[in-house]
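One letter stands for each residue in the lines below.
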Amino acid sequence: MAQVISFSIFKGGTGKTTSAVNTAACLAEAGKRVLLVDLDQQASSTRYVGIDPDQVNPAFYHVFLKQTPASVVRKKTTFGFDILPSSSLMAAIEESLDPGDEIMLRDILKPLQDEYDYILVDTPPGKAGLAFNGIVAADLLLVPASAERMAIDGVSDLINHVQAIIWHKFRNELINQEIRILFTMYKAGTNHSPGIVQATRKIYGGNVLDMYIPETIEFPRSFDLKVPIIQLAPRHAGSEAYRNVAQWIINH
Ligand SMILES: Nc1ncnc2c1ncn2[C@@H]1O[C@H](COP(=O)(O)OP(=O)(O)OP(=O)(O)O)[C@@H](O)[C@H]1O
Ligand SMILES: [Mg+2]
């Protein structure tokens, strides 16, 4: 049975997509069977792996409408893992979701769970239906926070919402859900990022992961070139950082 790991935070631009794609690549490099799920209508993960979201048909939309099984929409990437790609029709899913539908993705992924060791979910920013679907599907929530000012606000917003509302509403399903905070865009050689991590640890203790993703131009480059950082710069500190995340997941 695959473990489902969602990269979630309501705040935008903190490294959800970068973390989901690069962790998927590192888990695949370690020999694991991995499915990446792109829930975001921006389709950043889909583009990152070189798939044109406008060419995706049938799409996730048809899966949510129960017209197509997820296995038909799934595609292979050239990086050793599979993807359930996003498309512009994701906006239509968002429109069609009713209260209570936050559980739909969890049910959609069930038939695929025997085929994978890990299912990684890249969620959209903001408090909306697809982001909640990503959270409810997860065994483990990885919260990417950029190691800069206001990081704690974004992390608390997510964790408070999950614990007070989502865990309450889905208490039977989410009884074992875990949360970890992953710092991204970490500026080594300054006092700034370590100070933010320390302040976050005071509140969230051991839920803050020990490994930090360095801030480096290699990540935007990797996105532009449409290849994960471990293929682009295998020995770079950014590659090692996501290998460490993958190893933590495997050992956890
Ligand atoms: N460690 C890093 N160092 C430098 N730049 C980074 C790093 N991680 C991500 N970026 C860049 O920051 C931008 C936002 O990253 P990303 O798209 O992963 O965030 P996101 O949380 O998925 O955003 P959104 O909320 O819009 O979905 C991208 O241009 C990405 O290349
Ligand atoms: Mg994103």
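In the block above lies the structure referred to throughout.
Calculation notes
- Residues numbered from 1 in each chain as written.
- Chains lettered and ligands numbered in written order.
- Predicted model: local features only at pLDDT ≥ 70, side-chain atom pairs only at ≥ 80, totals over all residues.
- Heavy atoms only, no water.
- Salt bridge = Lys/Arg side-chain N within 4 Å of Asp/Glu carboxyl O.
- Helix = DSSP H or I, 4+ residues; strand = E, 2+ residues; numbered from the N terminus.
- Near = heavy atom within 4 Å.
- Polar contact = N/O pair within 3.5 Å; in protein donor to acceptor, adjacent residues only side chain to side chain.
- Areas by Shrake-Rupley, 256 points an atom, 1.4 Å probe, with all protein chains shown as cover.
- Nonpolar A, V, L, I, M, F, W, Y, C, P; charged D, E, K, R; others polar.
- Buried < 20%, exposed > 50% of the residue type's maximum accessible area, 1.4 Å probe, protein only.
- Contact = heavy atoms within 4.5 Å.
- Pairing = 2+ DSSP bridges.

*Asks:* Any chance you could break down the pattern of salt bridges for me, citing the residues and the numbers?
*Replies:* The final tally for this structure, using the stated rule, is 13 salt bridges. The partner of glutamate 115 in a salt bridge is arginine 74, and the shortest N-O contact between them spans 2.7 Å. With glutamate 115 in the loop between helix 6 (104-109) and strand 5 (118-122) and arginine 74 in the loop between helix 4 (70-73) and strand 3 (75-76), this residue pair connects regions lying 41 residues apart in the sequence.

*Asks:* Explain the site of ligand 1 to me, and be specific about the residues and the numbers.
*Replies:* As a structural note, the neighbourhood of ligand 1 is formed by 17 residues, with Gly13, Lys16, Thr17, Thr18 and Pro214 the closest of them. Within the backbone of glycine 15, an N or O atom sits 3.0 Å from an oxygen atom of ligand 1. Within the side chain of glutamine 42, one N or O atom sits 3.2 Å away from an oxygen atom of ligand 1. Summarising the interface, the protein chains cover 79% of the accessible area of ligand 1, which totals 620 Å² for the free molecule. Top element by residues in the shell around ligand 1 is helix 1 (residues 16-29). It accounts for three residues. Here the shell around ligand 1 is composed, by residue class, of six nonpolar, eight polar and three charged.

*Asks:* Hey, could you go over the environment of threonine 123 for me, with residue numbers and the actual values?
*Replies:* Here threonine 123 shows up in the loop between strand 5 and helix 7 (129-137). A relative accessible area of 2% means that threonine 123 is categorised as buried. As a C-alpha pair, threonine 123 and isoleucine 9 span 114 residues in sequence and 8.0 Å in three-dimensional space. Apart from residues lying up to four places away in sequence, threonine 123 is in contact with Ser6, Phe7, Ser8, Ile9, Lys16, Leu39, Ala131 and Gly134. Polar side-chain contacts of threonine 123 include one of 2.8 Å to the backbone oxygen of phenylalanine 7. Here serine 8 takes part through its side chain, which lies 3.4 Å from a polar atom of the side chain of threonine 123.

*Asks:* Describe the environment of valine 162, listing the residues and the values that go with them.
*Replies:* Relative to the elements of secondary structure, valine 162 occurs in helix 8 (residues 151-169). Residue class for valine 162 comes out buried when judged on its relative accessible area of 0%. Excluding anything up to four places from it in sequence, valine 162 contacts Ile135, Leu141, Trp167, Gln177 and Ile179.

*Asks:* Residue-level account of unusual backbone geometry, with values.
*Replies:* Across the junction of asparagine 57 and proline 58, the peptide omega takes the value -5°, indicating a cis bond. Within the fold, proline 58 resides in the loop between helix 2 (44-48) and helix 3 (60-64). One non-glycine residue with positive phi stands out, namely lysine 226, at about 60°. Following the sequence through the fold, lysine 226 ends up in the loop between helix 10 (218-225) and helix 11 (229-232).

*Asks:* I'd like to hear about the side chain of serine 239, residue by residue, with values.
*Replies:* Relative to the elements of secondary structure, serine 239 occurs in helix 12 (residues 237-251). Ignoring any residue separated from it by four or fewer positions in sequence, one finds serine 239 in contact with Cys26, Ile229, Ile230, Ala233 and Pro234.

*Asks:* Lay out the pairing of strand 5 with the relevant residues and their values.
*Replies:* Here strand 5 lies mainly inside the structure; five of its five residues are buried. Residues Tyr118, Leu120 and Asp122 point to one face of strand 5 and Ile119 and Val121 to the other, with burial holding for every one of them. Across five bridges, strand 1 (residues 3-7) lies against strand 5 in parallel orientation. Residue pairing across strands places glutamine 3 opposite tyrosine 118, the latter belonging to strand 5. The pairing of strand 2 (residues 34-38) with strand 5 spans five bridges and is classified as parallel.

All quantities given are derived from atomic positions and should not be read as evidence of function.
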